[in-house]
Amino acid sequence: MESEFLEVLKAFKSENVDIVEHVFSTSDDNLLDMIIDLSLAIRPDISQNNETKHSFVANSSLSGGGFPCDSVDCREQKLNELASFATLYSDKVFIQDPFEKILLREPSGLTENDRKNIMFGIFTYQKLYPLIEKGIVEFAQSTVSLCNHHFDTTAKDLHQKQLLVEDKIYKGLKDAFIAQCQFEINITKEDKQPFIKVTGPESLVEHGISYLHFNGNCTSNIQHILKSESLPYIMKDTEIYFSNIIERWMKPVVDDLFYQKWHATFHNTKLLTDNNTQIDIATTSINSEKHAHSASLYSNFQHFMPTIVNRPLNEIIDFRIKETDSFLVYRDKLDSLIRNSYGWSHTQIREMFEDELMPEINQINHKLKNWKSDLRTSSNEKLLLGFGAVAVGLVSGILPENITEIIVAVGGYSALENYNKSLKPDNEAKNNDLYFLWKMNK
């Protein structure tokens, strides 16, 4: 049965028109009608109980959003990180509705960037559909409907608490930007338009470099610098502090954290982010128990176990469902390692892989290698491999229908037992807590 989301797409576009062409060519009114229906189609069922310690709400970046980098390649990479984390660790991950911000703002004409974000929202749904279908990934709403009583007793109190920490968060971010980043004012060569280039650590500035183009809307102090200083001009700390230009990088981060905190409060989810700065803020200013760090897990899965991240999502999900007990044992092992010895930072997760997980995976492989070697040298195994039909069958994968009768006749029931073992070598690995991870990497 086709999902309601895909049915909406079909209903709004002509049969012979590509969805990309439709999004970028149809009228604003028609497109707005479509995204209203798409947003309703992905609205979560609030009656469901999602209260597990492995339920998360993702930040904008991991939800496929355009901040801090609007590149399609970067946005798809973040979705890959989200998918990997959701498949290999979580019970449920809520991602942000890609259409909600457009629908909630003041009515206006749709820009090309709006249409790009709508198209990427559709792509996000299609890419994550195997996880959405199984209920592992779900779209979240930023709005919560409350009666007057619960607004006064819950939402108002939460809002006041958020206001109290907002200044602290802004100050911490501003201090970090000023201490660790360089702000350079210059003008473009072609049309002489002013811009600011910011360089700094990737935990603050995506890819280590970012640009802010003013397009003629400069503040008075920036205009003064442009008129009186030679370019390029490196801004002084006091000029940065009082210019408010850092808002361009700080506000989306703060908005993201409060969006997640709001959802976490009402749905008992944990914060899921790919940015170390957000982790630090969440730890010091919001709630140290309400965060996780998917990028660290993902990058180390990718580095140490590339076979896993290159597998189709459906294949991993199907194996996770088939081997539910093994998955839960493996995840408990991860939880224990993170809780007892490590945190969620990239360095700590990498150390966990190097010191704890990979040696155990290698030990499984070593045991299996020895087990297979011992099996081959047994007298019954020699007899099996010496029997023409069986030897050819083991190589080609084609065996006669009465193979078990032949084996019993040649070598007895002990030979049949060894033969059955040789067809299922990974049974030896099932006793290990990391069997799920080992099997997915084969």
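So, here is what we can say about the structure in this document.

**Description of the overall build of the protein**
If you tally the helices and strands in the protein, you get 20 helices and nine strands. Looking at the 442 residues of the protein, the share that counts as buried comes to 46%. Carbon and sulfur atoms make up 49% of the accessible area of the protein, which totals about 22,900 Å².

**What about the packing of helix 4 (residues 72-88) against helix 6 (residues 112-133)?**
The interhelical angle for the contact between helix 4 and helix 6, taken along N-to-C directions, is 25 degrees, at an axis separation of 11 Å. Between helix 4 and helix 6, the interaxial angle falls into the category roughly parallel. Crossing geometry of helix 4 relative to helix 6 is assigned as right-handed. On helix 6, the residues that touch Val72, Arg75, Glu76, Leu79, Asn80, Leu82, Ala83, Ala86 and Thr87 of helix 4 are Lys116, Asn117, Phe120, Phe123, Thr124, Lys127, Leu128 and Leu131. Its residues placed into classes, the contact of helix 4 with helix 6 shows nine nonpolar, four polar and four charged.

**What about empty space enclosed by the protein?**
Tallying each qualifying case throughout the model produces one cavity of 30 Å³ or more. For the largest cavity, the full set of lining residues is Ser61, Gly65, Phe67, Pro68, Cys69, Cys74, Arg75, Lys78 and Glu206. Of the residues belonging to the lining of the largest cavity, the class tally is four nonpolar, two polar and three charged.

**What about the packing of aromatic side chains?**
With the rule as written, the count across this model stands at 18 aromatic pairs. Here the aromatic rings of Phe5 and Tyr125 are separated by 3.9 Å at their centres, their planes lie at 15 degrees, and the arrangement is stacked. Here Tyr125 lies in helix 6 and Phe5 lies in helix 1 (residues 4-12), a separation of 120 residues in the sequence. Assigned by exposure class, Phe5 and Tyr125 land together as buried. Seen from their ring centres, Phe319 and Phe436 are 5.5 Å apart, and the 25 degrees between their planes marks the pair as stacked. Placement of the pair is Phe319 in helix 14 (residues 313-322) and Phe436 in helix 20 (residues 435-440), with a sequence separation of 117 residues. For Phe436, a relative accessible area of 0% puts it in the buried group. Among the aromatic residues, ring-to-ring pairing joins Phe5, Phe99, Tyr125, Tyr129 and Phe139 into one connected group. Across from the ring centre of Phe120, 4.4 Å away, lies the NZ or CZ of Arg75, which sits over that ring. Residue placement shows Lys174 over the ring face of Tyr241; its charged tip is 4.5 Å from the ring centre.

**As for helix 3 (residues 28-41)**
An ideal rise of 1.5 Å per residue puts 20 Å on 14 residues; helix 3 measures up with 20 Å between its terminal C-alpha atoms. Within helix 3 the residues assigned to the buried category are Leu31, Met34, Ile35, Leu38, Ser39 and Ala41. All buried residues of helix 3 project into a common sector of 150 degrees when viewed along the axis, lining one side. Along its buried surface, helix 3 packs onto helix 1, helix 2 (19-25), helix 5 (100-104) and helix 6.

**Concerning the environment of Leu357**
Among the secondary structure elements, Leu357 is positioned in helix 16 (residues 346-377). For Leu357, a relative accessible area of 0% translates into the label buried. Taking the C-alpha atoms as reference points, Leu357 and Leu437, separated by 80 residues in sequence, lie 9.3 Å from one another. Setting aside residues no more than four positions away along its own chain, Leu357 makes contact with Leu334, Leu337, Met352 and Leu434.

**Quick look at the environment of Leu103**
When you line up the elements, Leu103 lands in helix 5. Using a relative accessible area of 31% as the deciding quantity, one classes Leu103 as partly exposed. C-alpha separation for the pair Leu103 and Ile36, spaced 67 residues apart in sequence, amounts to 7.3 Å. Aside from chain neighbours lying at most four places away, what touches Leu103 is Leu32, Ile35, Ile36 and Ser39.

Conventions used here
- Residues numbered from 1 in each chain as written.
- Predicted model: local features only at pLDDT ≥ 70, side-chain atom pairs only at ≥ 80, totals over all residues.
- Heavy atoms only, no water.
- Helix = DSSP H or I, 4+ residues; strand = E, 2+ residues; numbered from the N terminus.
- Buried < 20%, exposed > 50% of the residue type's maximum accessible area, 1.4 Å probe, protein only.
- Areas by Shrake-Rupley, 256 points an atom, 1.4 Å probe, with all protein chains shown as cover.
- Axes fitted to C-alpha atoms, helices over the stretch in contact; angles between N-to-C directions.
- Parallel < 35°, antiparallel > 145°, perpendicular 65-115°, else oblique.
- Left-handed = near helix turned anticlockwise from the far one by under 90°.
- Contact = heavy atoms within 4.5 Å.
- Nonpolar A, V, L, I, M, F, W, Y, C, P; charged D, E, K, R; others polar.
- 1 Å grid on protein atoms, 1.4 Å probe; cavity = no way out; pocket = protein on both sides within 12 Å on 5 of 7 lines; lining within 4 Å.
- Points joined across faces, edges and corners; volume = space filled by probe spheres on them.
- Phe/Tyr/Trp six-rings, centres within 6.5 Å; stacked < 30°, edge-to-face > 60°.
- Lys NZ or Arg CZ within 6 Å of the ring centre and 35° of its normal.
- Expected span 1.5 Å × (residues − 1).
- Arc of directions from axis to C-beta.

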